[in-house]
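# Survey of secondary and tertiary structure
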Amino acid sequence: MSFRKGSKVWIEDRGSPWVPAEVVDFVGKQVQVVTDSGKKVLSLPEKLFPRDAEADYGGVDDMTKLTYLNEPGVLDNLKRRYALNEIYTYTGSILIAVNPFTKLPHLYNGHMMEQYKGAPFGELSPHVFAVADASYRAMMTEARSQSILVSGESGAGKTETTKLIMQYLTYVGGRAANDDRTVEQQVLESNPLLEAFGNARTVRNDNSSRFGKFVEIQFDANGRISGAAIRTYLLERSRVVQITDPERNYHCFYQLCASGRDANNYKLGHPSNFHYLNQSKVYELDGVSNAEEYTKTRRAMDIVGISHEEQEAIFRTLAAILHLGNVEFSPGKEHDSSAIKDQRSNFHLQMAANLFMCDFNLLLATLSTRSIHTHEGIIIKALDSDAAVASRDTLAKTVYARLFDWLVEKINRSVGQDNDSRIQIGVLDIYGFESFKHNSFEQLCINFANEKLQQHFNEHVFKMEQEEYRKERINWSYIEFIDNQDVLDLIEKKPIGIIALLDEACMFPKSTHKTFSNKLFQNFRAHPRLEKAKFSETDFIMSHYAGKVTYQTDSFLDKNRDYIVVEHCNLLSSSKCRFVSGLFPSLPEESSRSSYKFSSVASRFKQQLQALMETLSSTEPHYIRCVKPNSLNRPQKFENQSVLHQLRCGGVLEAVRISLAGYPTRKTYHEFVDRFGLIVMEIMDGSYDEKVIAEKILHKLKLENFQLGKTKVFLRAGQIGVLDSRRAEVLDSAAKRIQGRLRTFIARRDFISKLAASISLQAYCRGHLGRNMYAAIREAAAAISIQKFGRRWLVRHSYLQLKASIVLLQASIRGFSTRQRYLHQKEHRAATLIQAQWKMCKVRSAFRHRQSNIIAIQCRWRQKLAKREFRRLKKEANETGALRLAKTKLERQLEDLTWRLQLEKKIRVSNEEAKLVDISKLQKTIESLTLELDASKLATVNECNKNAVLRNQLELSLKEKSALEREVGLMAELKHENAILKGSFNTLEEKKSLLACELIKAKQDNSDTVEKLRDVEQMCSQLQQSLRSLEEKLSNLEDENHVLRQKSLSATPKSNRPGFAKPFLDKFSGALALPYADRKSAFETPTPTKMIAPPSHGFSDSRRSKLTVERHQESYEILSKCIKEDLGFKDGKPVAACVIYKCLLHWRAFESERTAIFDYIIEGINDVLKVGDEDATLPYWLSNTSALLCLLQRNSRSNGFLSATSQRSAGSSGLNGRIAQGLKSPLKYIGYEDGLSLIEARYPAILFKQQLTACVEKIFGLIRDNLKKEISPLLGLCIQAPKIQRVHGGKTSRSPGSNSQQSPNNQWENIITFLDSLMNRLRGNHVPSFFIRKLTTQVFSFINISLFNSLLLRRECCTFSNGEYVKSGLAELEKWIVNSKEEFAGTSWHELNYIRQAVGFLVIHQKRKKYLEEIRQDLCPSLTVRQIYRISTMYWDDKYGTQSVSNEVVTEMREILNKDSQNLTSNSFLLDDDLSIPFSTEDVYMAIPAIDPSDIELPLVLSEYPSAQFLVQQHSKG
């Protein structure tokens, strides 16, 4: 294709296979590009691949959606998805699984399996469950067996993927037989055993499977798993005797050497002591303990069903193989003979014979000689040392191969096969393509098998291409696909093929690998797939589909020879060990005549491979390609070179090559027009169909060899580049126009800014000059003003000095004359004052003498009063002792009460009959204690009043003290009286201080007394609580005794009712045949045998029994009519519930000890629910059963409590356990002041409440489940926005500021219609608002869960436009909630939190500027980090082209998830659907309003029954 400057391309690099680059120049025929690292490179255009510059950050989930389907594009897409932990990717119908090397439990839990169950393939994100589900659905639909081929190199996760497939098939298929273990578990339990005997360490993997495993999951006609079988293929037998460094032999040998006691029993030691193990220096694996693995293998044998004796025989056989490998031979005394080399070899041979339980000499003879059968007889031929070693290795390989086959057969018997199964799903787990530095015979066989599988894979891909073309109805007949049949012919074709030539060479004893190589080069000299190695005469290079591989033929002949030695079989078949002899059954007579029977390993490999291919050809294949991202087995490390090699080996790039041969680029018309519509903008404004627009675009560019399908455009390779080039030209032209306009705008803006700046500069200069002129004029005016004010100041200063001198002189003269007059007046005033003071002194002296006498008399009188008051206070202070005595008496009474309580407890335990008496005594004691408590409180109040009086007196004393202090100051002149008053005052003060101290102590004692009284109150409350608990226990014991007594007398029959007359007669025993006034004895007797009919009736016993049966039959018919007929509602009350309740009340069924009427009612309701229309029946009976339950609860009593509220508060939290808390033995009607009559229910009535409660729960659950089933299809259509027809040729607004949202289409309107219908149904049947609110909340919770889970599982839903679509639909739901009011909608809007926040995150702009904390706290507070991570990585903007969150935020979230994945047991990003009942019985009682059934009239359908006339009488009385 042609490139242009600025084109984004991929270019090969030495360090990395492909690096992104950009075309910058053209140098002749070469193109100069610049890589992302800044390196400039010249390359030919043929070596460059186009790169999509607009590729999404998270890649695409299907490779066929890539704009450029090429090798670097596939590799880059896998790398992008792996960085986001998206390990699964489709390539058409092929699944690519990249090993994450970390736990991702959220991808494999039950919720994820439920999401993929039945989902169309490709609708949800790529997953191994999708492939498994597609195979299962195809098997059930087409009745044809399926196969899932899991391939990949060692460590890519094939075994784990196989486990997941079996896990899903077990989940979706279930079990046909009642087995404790699932087939998946049985097969997986055999994995440790198969891994121990079939896995080994290779160059690339420590646990590489050296055999192919085909697991058949067998199903019956109903799709239930009926059995399983494990088929093994192509075991690498040569590894038993020959390994290369740094590989290992099979794990079981190393485990046996590390087994401890067992190893000692078999004379084993370190693996380095055995020839079959020490050919490599690697004996241990990192992080793996051979001893622990041995224990796991033993445990797996136990699980599979291998007995202890068989286990011992298995490990004895393995030990014998190891000892056999240490047997060495040396040339014997005779020509071409051999003998045991040394004593060590002799010991190992002896050990091998002992372990095989065969004869030592016979074992030696079979290894060192051969028997040749001739016509004359048997000739014994000695073998040389090399032949003896070969015979030893042959025996070891044969024994191990048969041991492995026996294990597989044993596992199949343990798992259980279904020979009658006609359909099955096979899971193939086989080694992938191998290419090492040294490749031998094993690699040729493995790569031959992969070539066969690749041919099968190519045919499948070709078939899928044909299906795609046929579905789109395009012409594809001329498309040719390249096949690899030539490679297969080169290997397996007869008579000239590599396998045939190898078998021919093995038939000749003197053939060597050189003669084989020469013959190979002679026959295939001109073959394009085979060439000779440059630096070797015997090595050859074969061109496989995955690349060229160099094979070394040094050991080809030895590894291909596999002689069946008759002596070996005869020897071991005669073993004394039944296990060993069972491995080698007796050979037929024809086979025993020949000592050697040549068997080619390659030919047998070919036959097994052919059988496998026939099995796969008979099934419909599904492919999973596992990829190992790095060689270090570390997470988040992606090695491009290694992954690219695996993609080539896995055939993924071969599938890409096949796609490139046809039409690799496929886009829907909507996507094509959206991307390339700008090329033909002139026709986009017309009302053209998208297909027509696409065709016009292609014709305008004169493109050929394209195809227009029904829904997609198919383009040949390179044509998408032409379209992108033309699109880039249009965008460049538009960009240039935009740039020109922008430059014009910038230039004009600069000119205007310069013009404004120059004008501003001129104005500033003129202003500066004007300011200077103004300053000069102002300075001149200021100088003149200063001179004027200076002269004025000098004249004024001289004037003021002269004036001041004159004023001073006048003031001095006037002052002298004034002072003379003042002195004369002062002398006259002093004389007058002296006279006045003398007269006043004489009068004051007489007054003070009289006043002192009066004060003395007053002090004497007050002293007398103070002493009298002091005596009174002292007397009152002594009365506080009485309070202490009262306190002591109260304490003694409390101790006495405590002793009494303990004594009463002991008495209750020892004697149950005295419990009620003790309880009454305790109640009387509590009442007396309460009276004493009230008296104590009254005494406390009196004491407080006295303290207040003392406090007032103390205040008066303080006031008198202050008055006395003032009087003592006045009596300072009277010394004698003052001394007496001081002494008395000090004494009084000391007494007052003592009184104050005593008052404080009294207050403290008072507070202590109050606290003790509070303790007494608490103790009283505790005693009351203990009394209540004792009453409850006593009641429960009585109830239990009562129930046990009833059960011991007779059990209530429920199922065996041939008719209604006899059971009803037995239960009620004639009660309904008696008048109402005479029924008491019939219902109150504890047993039916004690009921005696009154003698007043004149009927005979037979006549009375007949009437009773008829009335009972009529009563059952009344109940049957009430249940089967829709009686409707009256004033919102369910008529059926009220009638049933009134009938039961009238018949006194609640008081019956034994009755079947309640079972009849429950069974009748269940029958109606099964038969009737669920949409009408379920709401009707939800209303009736809840009303009947509330009537029973509110109008009956149990457990001795008189109110339903107290009963509910004292009950437990269980839904059914709160109803039957206890029963009382005396059963009677109890009247209350408010006129309500409560009946005390017996055991059948309590059981009826439980059954009604279960019935309410069942009906609620059925309604909820039906609503979910109805709304699920609607939600599936609402999660993704429909493709809207383009307005004006698709010119949609791409401005972030345009917020025009599309109104929701019919799908959201269907949701609203469904909700309206639901509300009308419920309200039409008068369902209580409590249930409506709960149902609405659960429906919206289901909407939230379904939409949110679908959003996280489907990448096409995580778009900007889809977010707007869902958001507009949620707005409609919000309107519906508001219109429905909180009474019926409840918290429904809050149930949509998850989907609202997720959609809100989708439609916000500038996500890359958001930090993680801002997203978690502000945007999505309800979502977990894993959910935010999922949305962020799946998001793509199909409207504005914006990007998701920044790489830093993604990295931060990934680190948090890696930490959390180690701590959380389940960290799924999906929401769980809560299937529990969202209410309790208490909630129902408290939420549903009370119902009065008295005003319910007799329904017309019951008017014909005479027994129902009491309903009319009760209504008329009411």
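Refer to the structure printed above.
Residues numbered from 1 in each chain as written. Predicted model: local features only at pLDDT ≥ 70, side-chain atom pairs only at ≥ 80, totals over all residues. Heavy atoms only, no water.

### Description of the overall build of the protein
Test applied: Numbering of helices and strands starts at the N terminus; helices are DSSP runs of H or I of at least 4 residues and strands are runs of E of at least 2. Burial classification: accessible surface area is computed with a 1.4 Å probe over protein chains only, and a residue below 20% of its type maximum counts as buried, one above 50% as exposed, and the rest as partly exposed. It only takes one pair of heavy atoms within 4.5 Å for two residues to be counted as in contact. Note that accessible areas follow from Shrake-Rupley with a 1.4 Å probe, and for residues the cover is restricted to the protein chains shown.
Scanning the protein for helices and strands turns up 49 helices and 31 strands. Looking at the protein as a whole, 47% of its 1518 residues are labelled buried. In the protein, the proportion of contacts linking residues at least 24 apart, taken out of those at least 6 apart, comes to 72%. Of the roughly 78,200 Å² of accessible surface on the protein, a fraction of 53% belongs to carbon and sulfur atoms.

### What to know about the sheet that holds strand β26 (residues 712–715)
Basically, it comes down to this: Two strands pair under a simple rule: DSSP has to find at least two bridges between them. An axis is simply a line fitted to the C-alpha atoms; with a helix, the fit covers only the stretch in contact. Between two such axes, the angle follows the N-to-C directions and lies from 0 to 180 degrees.
If you walk across this open sheet you meet the 3 strands as β24-β26-β25, and the pairing is antiparallel. Taken across any chain shown, the strands that pair with only one partner, and hence form the sheet edges, are β24 (665–668) and β25 (707–708). Across 4 bridges, the pairing between β24 and β26 is antiparallel. Residue pairing for β26: Arg-666 is matched across the bridge by Phe-714. Sitting on the sheet, helix α14 (residues 441–472) touches β24 and β26, and the angle it makes with β26 is about 130°.

### Remarks on the pairing of strand β7 (residues 94–98)
Counting buried positions over the 5 residues of β7 gives 5, a clear majority of the element. Covered by surrounding structure in β7 are Ile-94, Ile-96 and Val-98 together with Leu-95 and Ala-97, the residues of both alternating faces. Across 4 bridges, the pairing between strand β6 (residues 88–91) and β7 is antiparallel. Each bridged residue has a counterpart across the sheet, and for Tyr-88 the counterpart in β7 is Ala-97. Linkage of β6 to β7, two consecutive antiparallel strands, is achieved through a turn of 2 residues, within which Gly-92 is found at a positive phi near 70°.

### A look at the packing of aromatic side chains
To be explicit about the condition: Only centres within 6.5 Å qualify two rings of Phe, Tyr or Trp (six-membered ring in Trp) as a pair; their planes then separate them into stacked at under 30 degrees, edge-to-face at over 60, and tilted for everything else. The criterion is that NZ of a Lys, or CZ of an Arg, lies within 6 Å of the ring centre and within 35 degrees of the ring normal, and then a charge sits over that ring.
Going through the model one piece at a time under the given rule, you end up with 27 aromatic pairs. Between Phe-1158 and Phe-1248, the ring centres sit 4.5 Å apart and the planes meet at 15°, which makes this aromatic pair stacked. In this pair, Phe-1158 sits in helix α36 (residues 1157–1171) while Phe-1248 sits in helix α39 (residues 1243–1278), placing the two residues 90 residues apart along the sequence. With respect to burial, Phe-1158 and Phe-1248 carry one shared label: buried. Taken together through their ring pairs, the aromatic side chains of Phe-441, Phe-516, Phe-540, Tyr-551 and Phe-556 make up a single cluster. Over the aromatic face of Tyr-254 sits the side chain of Arg-248, whose NZ or CZ is 3.9 Å from the ring centroid. Just above the ring of Phe-457 sits the side chain of Arg-625; from NZ or CZ to the centre is 4.4 Å.

### Section: the packing of helix α10 (residues 308–325) against helix α13 (residues 385–415)
Note the threshold: An angle counts as roughly parallel when it lies under 35 degrees, as roughly antiparallel when it exceeds 145, as roughly perpendicular when it falls between 65 and 115, and as oblique in every other case. Here is the rule for handedness: rotate from the far helix to the near one, and if that takes an anticlockwise turn smaller than a right angle the crossing is left-handed, while a clockwise turn gives right-handed.
Their axes nearest at 10 Å, the elements α10 and α13 cross at an angle of 160°. In terms of orientation, α10 and α13 fall into the roughly antiparallel class. Both α10 and α13 take part in a crossing whose hand is left-handed. Residues Glu-310, Ile-314, Thr-317, Leu-318, Ile-321, Leu-324 and Gly-325 of α10 pack against Arg-392, Leu-395, Ala-396, Val-399, Tyr-400, Leu-403, Trp-406, Leu-407 and Lys-410 of α13.

### Here we look at the nonpolar core
Short version of the rule: We define the nonpolar core as a collection of buried residues of types Ala, Val, Leu, Ile, Met, Phe, Trp, Tyr and Cys that are connected through side-chain atoms lying within 4.5 Å of one another.
Ranked by size, the top nonpolar core spans 249 residues in total, and within it Phe-197, Phe-253, Ile-624, Phe-1331 and Leu-1373 carry the most contacts. Examining the composition of this core, we find that 14 residues originate from one element, helix α41 (residues 1329–1353), more than from any other. Core analysis: the next-biggest nonpolar cluster, separate from the first, contains 51 residues, Leu-444, Val-461, Phe-516 and Leu-520 among them.

### A closer look at unusual backbone geometry
Of all residues except glycine, most have a negative phi; of all peptide bonds, most are trans. Residue Pro-246 is reached from Asp-245 by a cis peptide bond, and omega for that bond is 10°. Even without a glycine there, the phi angle at Phe-101 is positive, about 55°. Along the chain, Phe-101 falls in the loop between β7 and α2 (110–116). Here Gln-1406, not a glycine, exhibits a phi torsion of approximately 55°, which is positive.

### Description of the packing of α10 against helix α11 (residues 343–356)
Selection criterion: In this classification, the charged set is Asp, Glu, Lys and Arg, the nonpolar set is Ala, Val, Leu, Ile, Met, Phe, Trp, Tyr, Cys and Pro, and all remaining amino acids, among them Gly, are polar.
Where α10 meets α11, the closest approach of the two axes is 8 Å, and the angle between their N-to-C directions is 160°. Taken together, the axes of α10 and α11 are roughly antiparallel relative to one another. α11 is crossed by α10, and the crossing has left-handed handedness. Each of Arg-316, Thr-317, Ala-319, Ala-320, His-323 and Leu-324 in α10 lies in contact with α11, whose residues at this interface are His-348, Leu-349, Met-351, Ala-352, Leu-355 and Phe-356. The class makeup of the residues in the contact of α10 with α11 is 8 nonpolar, 3 polar and 1 charged.

### Let's talk about the pattern of salt bridges
What counts, and what does not: The term salt bridge refers to a side-chain nitrogen of Lys or Arg lying within 4 Å of a carboxyl oxygen of Asp or Glu.
All told, the structure shown has 34 salt bridges when counted by the stated rule. With a closest N to O distance of 3.6 Å, Lys-296 and Glu-293 form a salt bridge. On the criterion of helical spacing, the pair formed by Lys-296 and Glu-293 is a turn pair, its members being 3 residues apart in helix α9 (residues 290–304). Relative accessible area serves as the criterion here: at 41%, Lys-296 is assigned to the partly exposed category. Looking at Glu-293, the relative accessible area reads 25%, which means it is partly exposed. A salt bridge links Lys-1410 to Glu-1414; the shortest N-O distance between them is 3.4 Å. Where salt bridges share partners, they join Arg-210, Glu-236, Arg-239, Glu-247 and Glu-434 into one cluster.

### Some words on the sheet that holds strand β18 (residues 530–532)
The strand order across the open sheet built from 3 strands is β18-β19-β20, with neighbouring strands paired in antiparallel fashion. Looking at strand neighbours, the two that pair on one side only are β18 and β20 (547–551), the edges of this open sheet. Looking at each pair of strands side by side, their axes are set apart by 25° on average, direction ignored. Sheet analysis places strand β19 (residues 540–544) next to β20, joined by 5 bridges and oriented antiparallel. Residue pairing for β20: Met-542 is matched across the bridge by Val-549. Strands β18 and β19 of the sheet are contacted by helix α15 (residues 485–492), whose axis makes an angle of about 145° with β19.

### Description of the side chain of Ser-1183
For clarity, the threshold we go by: Throughout this description, a polar contact denotes any pair of N or O atoms lying within 3.5 Å of each other; where both atoms belong to protein, one of them has to be capable of donating a hydrogen while the other can accept it, and for residues adjacent in sequence the pair is counted only when both atoms sit in side chains.
Within the element layout of this structure, Ser-1183 appears in helix α37 (residues 1174–1194). A polar side-chain atom of Ser-1183 sits 3.1 Å from the main-chain carbonyl oxygen of His-1326. If we skip the residues at most four places from it in the chain, Ser-1183 touches Phe-1129, Pro-1134, Asn-1325, His-1326, Val-1327 and Pro-1328.

### Describing the pairing of strand β1 (residues 8–12)
When β1 meets strand β2 (residues 18–27), the two strands line up antiparallel, connected through 5 bridges. Along β2, the bridge assignment pairs Ile-11 with Val-19. As defined by bridge partners, β1 adjoins strand β5 (residues 49–50) across 2 bridges and the pair is classed as antiparallel. Pairing of Trp-10 across the sheet is with Phe-49, part of β5.

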